[in-house]
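# Coordinate analysis (summary)
Each chain is listed here by its residues.
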Amino acid sequence: MCSSDLASLLIERRRAGEAIGELKRAVADKPDLAEAWFNLGQAAAMQKDCATAMDAYAHATKLSPQDGDGFINASVAARKCGKLPEATAAARQAVKLAARSPQAHLNLGLALEAAGKLDDAAAEYDVATRIKPDYATAWWSLGLVDGKRKKPDAAITALEKARELSPTAARIADLGVAWRDKGDLAKATML
């Protein structure tokens, strides 16, 4: 089994620390192997190794510049590392490559929201819900950002939709907060 294949198996088994060593060997042996760089990014991100994750995703996206998923993962890593301009740039590239991907729009919304651009984030979440109307996470994100934008009615509408699609405890609690913020404690406590 080659280093890259073994590393993929280790990542799948959530043994990222072991996978990193295998993947570093794989990219040293074959620096043009985009999949190994991508997997190294995943493993490093699991280990919260920001520098390695961002470097690996940079190599992966350079080798596979048409892979929207690579840019989404690069954006997630950059956002988790507090590198918001890099996160936004990678997310914008993912949207450019995959304009019909609700995940790409959601990810761009998350990067914009982290950068404090709430109106722009809401617009991206809205696009994600229009592309995939049953995307509970996009509705939830839209509701949360509308709450931050002091738009309680819009927040409630989006959070109701998220709850309808996937009634998790977190979504129900956030809906209760939105009703509370609107001033309707009776509705907030009835959820």
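Please refer to the structure higher up on the page.
Residues numbered from 1 in each chain as written. Predicted model: local features only at pLDDT ≥ 70, side-chain atom pairs only at ≥ 80, totals over all residues. Heavy atoms only, no water.

### Examining helix α3 (residues 34-46)
Quick reminder: α-helices carry 3.6 residues per turn. Residues three or four places apart thus point the same way. In this model α3 runs 19 Å from its N-terminal to its C-terminal C-alpha over 13 residues, within 8% of the 18 Å that 1.5 Å per residue would give. For α3, the set of buried residues is A34, A36, W37, F38, N39, L40, G41, A43 and A44. K48 sits one or two residues past α3 and shows a positive phi near 60 degrees. (Helix = DSSP H or I, 4+ residues; strand = E, 2+ residues; numbered from the N terminus. Expected span 1.5 Å × (residues − 1). Buried < 20%, exposed > 50% of the residue type's maximum accessible area, 1.4 Å probe, protein only.)

### Observations concerning the packing of aromatic side chains
Tallied over the full model, the rule gives one aromatic pair. Here the aromatic rings of F38 and Y57 are separated by 5.7 Å at their centres, their planes lie at 70 degrees, and the arrangement is edge-to-face. In this pair, F38 sits in helix α3 while Y57 sits in helix α4 (residues 50-63), placing the two residues 19 residues apart along the sequence. Across the pair, Y57 and F38 agree in class, each one buried. (Phe/Tyr/Trp six-rings, centres within 6.5 Å; stacked < 30°, edge-to-face > 60°.)

### Some points on unusual backbone geometry
With a phi angle near 60 degrees, K48 is a residue other than glycine that sits in the positive phi range. Locating K48 in the fold gives a position in the loop between α3 and α4. At K150, a position not held by glycine, the phi torsion is positive, near 60 degrees. By the element assignment, K150 lies in the loop between α9 (136-148) and α10 (152-165).

### Points about helix α6 (residues 84-97)
For α6, with 14 residues, the first-to-last C-alpha span of 20 Å sits near the 20 Å given by 1.5 Å per residue. Residues of α6 that are buried include every one of A87, T88, A90, A91, A94 and V95, and no others. The buried residues of α6 all sit within an arc of 165 degrees when viewed along its axis, so they share a single face. Of the residues in α6, the exposed ones pointing more than 90 degrees away from the buried face are P85 and K96. Along its buried surface, α6 packs onto α5 (68-80) and α7 (102-114). (Arc of directions from axis to C-beta. Contact = heavy atoms within 4.5 Å.)

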